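Chains, contacts and geometry: an overview
Residues per chain, in single letters:
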Amino acid sequence: HSEFVYQAILLSFIGHPEIFPLVFTTKTQEIFNCRVDEDVTEENCFKLIKKEDIIQDLKTRATVSDFHPIKKVVLEYPGEELLVVFDAKFQYGQNFYFVASEEAKENLLEEKGEKGEENREETLEVHPYKPPVHKPWVSLGSEKEVEEESVKDTVTKIKYMISRVRRKFGAPVTFTDKNASHVKDSYVECTSYQDKTFSIKMLEKDVGIQMVPKVREASTQTKWTYPKNAATQYFPRQLSNEEKGESLSSEKLKEFLTSVHLRMEIALQQNEIMNAFFDDWKALAEDESSSGGKPDVYLKACQSFTDLRYLKDRTMSCICWHPTIYGIIAVSARERLSHEEQVNLSDKSLLQQSVILFWSFFDPIHPQLMLECPGDIYCFQFSPSDPNIIAGGCINGQVVLWDISQHEEKLQNAKPVADEIEITAVNMVNASILNILHTEPPLVRYCAVSSIQYSHNKPVTDIHWLPDYFEDNQTGATFENRAEICVQLVTCSPDCSVLFWDIPATKLPEQPSFEKVREKEICYMPLDVPDTSKHLDLCWKPLIKINLCESDTNTDYGPVRISLRELHYHYKTSGKVQSLNTLEVPTKESPYTDMSTSSGKNLKVLENISTDFFVGTEDGEIVYSDWKTEIGSDSAKPVSQEHTQKYTIHTETVNTLQRSPFFKDVVLSIGGRNFAIWKEGVTNGPILQSSCSAGRYTAGQWSLTRPGVFFIGRDDGNIDIWDLLKKTHEPSHFQSISESMITFISPWIASSKQHFLAVSDDLGVLRVLEICQTLSHPSRNEHANVLDYFEREVKYLKYREQEFQ
Amino acid sequence: GIPIRTTLDNSTTVQYAGLLHQLTMKARSTVRDVDPQNDLTFLRIRSKKHEIMVAPDKEYLLIVIQNPCE
């Protein structure tokens, strides 16, 4: 039985404290009716045994009873019936076990009951529902834990009740700001303080250090003088003559030349064919400017001069521009004579003094200078080498010379009238007086007049200075003129003679005349006249006289105009004249004093000066001759030569015979109703001859700038402008200038922009016109074109001559 | 360069020789820089007043100075 106890203890430890395994003997089984496989089967394993029975059994059988080990439990068992379960499987170790507790018993029974119910589904046995029975709670010690965990109020809660008047609820609230720091104790701050407990002093610290070199910037400026070449002198290296000769003859040079010469030839040929320097652009511009737009007025009226006192009832015979001073023009006037009066001049007595007037552009009212003339001057010219010497031909056949060197300054300083008026405007009282004083131009007397005996018998109609590079002597040979001063004159007159004059005058530069008093001269000259040609006065003889007459037919020509081939000279600028006038000159002899009539001792004979000349006669003939005398002519006076040609083209006196300033051998002759252009050497006739025009041509001149243009004045006061490149049968333009006959035309170039044309008429009025651009600027290749034209005409003439022969 | 034979006066010749030699060298080097197989055969300089023509060679130089046609 101790085994059973042990087993019961074991079971209790296992977890089934109310299960006590029992061994039921058969006896016991019979007693309690739990015989195996009879009453208790595997399925029906529960057996309820009454407690009383068990107790009885116990009493009867005491220790033999199977319930002995659990006697205590049985006794303690609260219920009446005890459950014994047949354990077929020996689950708890024995074949029967005893359930000690009511609960377990019920559980098992229910279980069994369920099982039984399951087993007996068909049977409708319903166990009656037994509600759970209250049992007293058995404390197992958990209530302490519960107590600990539960929350209990230790303190009684205080109750507050806050109330407020109802009307204050929901009222609008205004909030204001209040600075917290203003109100004392309105805030509590917790300032930080250094808590010593937390400060740890660092005694050692690991720090990284980098070493950097100390850098400092500094600059200085030093004066660096470096040698620089200021100048280098060198001479080129050259080969000596032998070396040169050697290299010249070397083979290499020959090869080089042969290889190179072809290229060079090609290049040279190219240059020959075409002008590489031709500027197309510029040429185009020139064309446009000349062809674009015809000006309305070709000759623009610029100024006009007239003087009432001296030029009343007079006509102008000649106009000359001052060669060097800008704006000075000289005019000679003569009586208006009808034709018969002109022929019978010897009867005419001159009432009015005749003068040559100098006008300045700046003063159109008052003439600047007046030259006194012994008689009417028909023509005059400024000397090209010294513009202060003026030579004029007089109506009585004399040749007159003036020297205006004293007045040169005055002429140069001719101020505009406006300035003078400004100066005098201060003093109005004296102004009139001054004006009166200014009106009288200074009068210059002539300084030399040729002797009447040896001059012409008829008026001198043309006078020219001979150019300065040759001079003639009495034998007619031309000599070189070393002094480069014009010293010779040629004059012609209708008395059939051409005279050459010499001026062997003593011209002393700029010396006032009163110094000359000590000279041993007999003639008395008025003090204000420079004694330039003192000793010439009234004893001046011509050098050569040429009689123009045909030796075989004995007809005379009365030359009115003469034109020499070598008449081209340029006027020297005043600079040169000044140099002649400096006082240094008198250290050597003045050139004029050297001259005498036979001064041609050591001078060279010039062979190539042409001595031919054209002469226009009174009767309208043009004569071409030359004055060179042949050596060995017997007659005392040199006579004209055999080879003269004569052409009768014009109907009246030739009034103009002028060479073209561009072509030395082309001559324009104007007379009567037509004009003609001649070329020297062409003996057939003129290369151009105009048709008879309605009016008479009375004056004409070539243009100084355009080779194919010339101006012709008519007797009705018009000027015809002829342009040979445009039209040759009629003038290209004409313009009416004045009402009366035009007596003289003179073009002049004052500057590159200003080209003037001075026109004088029968009424004594001098008009200065400005030539417009188209007339003054030559077009491209005009010179060549005009030359071409002349050559064509010459050829045509020749052809015509051949045709008609 | 050193002039061997000339028709001008000495100073002009020397000047032209020196200057044109350098110019020819420069021109030749230019031509050859652009195309190494090329070489300078002729050099022509046209100015307002003249035309200068230079024909170079390995050792010698021929210089001609010409005025324009007109």
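By the naming in an unreviewed UniProt entry, chain B is Dynein light chain roadblock-type 2, taken from Phoenicopterus ruber ruber. Comment text from UniProt for chain B, heading Subcellular location (unreviewed entry), reads "Cytoplasm, Cytoskeleton". Under the Sequence similarities (unreviewed entry) heading, UniProt states for chain B: "Belongs to the GAMAD family."

The name given to chain A in an unreviewed UniProt entry is WD repeat-containing protein 63, with the source organism recorded as Phoenicopterus ruber ruber. According to UniProt, the comment filed for chain A under the heading Subcellular location (unreviewed entry) is "Cytoplasm".

What to know about the interface of chain B and chain A
Each partner contributes to the interface: chain B provides 28 residues, whereas chain A provides 24 residues. Overall, the association of chain B and chain A removes approximately 2300 Å² of surface from exposure, summing both partners, and the carbon and sulfur fraction of that is 66%. Applying the counting criterion to the chain B and chain A interface returns 1 salt bridge. Residues Lys252 of chain A and Glu59 of chain B are paired through a salt bridge, measuring 3.2 Å at the closest nitrogen-oxygen approach. In this structure, the connection of chain B to chain A is made through 5 residue pairs in polar contact (both at pLDDT 80 or more). Where the side of chain B that touches chain A is concerned, the elements lending two or more residues are helix H1 (10-34), strand E1 (43-46), strand E2 (51-56) and strand E3 (61-66) of chain B. When its residues are assigned to classes, the side of chain B that touches chain A shows 14 nonpolar, 5 polar and 9 charged.

Some remarks on the packing of aromatic side chains
All names here are of chain A. Counted under the stated rule, the structure contains 16 aromatic pairs over all chains. Centroid distance Phe358 to Phe382: 5.9 Å. Interplanar angle 85 degrees. Geometry classified as edge-to-face. In this pair, Phe358 sits in strand E8 (residues 355-360) while Phe382 sits in strand E10 (residues 377-382), placing the two residues 24 residues apart along the sequence. For Phe358, a relative accessible area of 0% translates into the label buried. The exposure class assigned to Phe382 is buried, which follows from its relative accessible area of 0%. With 4.9 Å between their ring centres and 85 degrees between their planes, Phe361 and Phe756 make a pair best called edge-to-face. Of this pair, Phe361 sits in the loop between E8 and strand E9 (369-372) while Phe756 sits in strand E34 (residues 755-761); the two residues are 395 residues apart in sequence, bridging distant segments of the chain. Each member of the pair, Phe361 as well as Phe756, is classed as buried.

Conventions used here
- Residues numbered from 1 in each chain as written.
- Chains lettered and ligands numbered in written order.
- Predicted model: local features only at pLDDT ≥ 70, side-chain atom pairs only at ≥ 80, totals over all residues.
- Heavy atoms only, no water.
- UniProt positions renumbered as here; feature names shortened; annotations may be inferred.
- Contact = heavy atoms within 4.5 Å.
- Buried area = accessible area lost by both parts, 1.4 Å probe.
- Salt bridge = Lys/Arg side-chain N within 4 Å of Asp/Glu carboxyl O.
- Polar contact = N/O pair within 3.5 Å; in protein donor to acceptor, adjacent residues only side chain to side chain.
- Helix = DSSP H or I, 4+ residues; strand = E, 2+ residues; numbered from the N terminus.
- Nonpolar A, V, L, I, M, F, W, Y, C, P; charged D, E, K, R; others polar.
- Phe/Tyr/Trp six-rings, centres within 6.5 Å; stacked < 30°, edge-to-face > 60°.
- Buried < 20%, exposed > 50% of the residue type's maximum accessible area, 1.4 Å probe, protein only.

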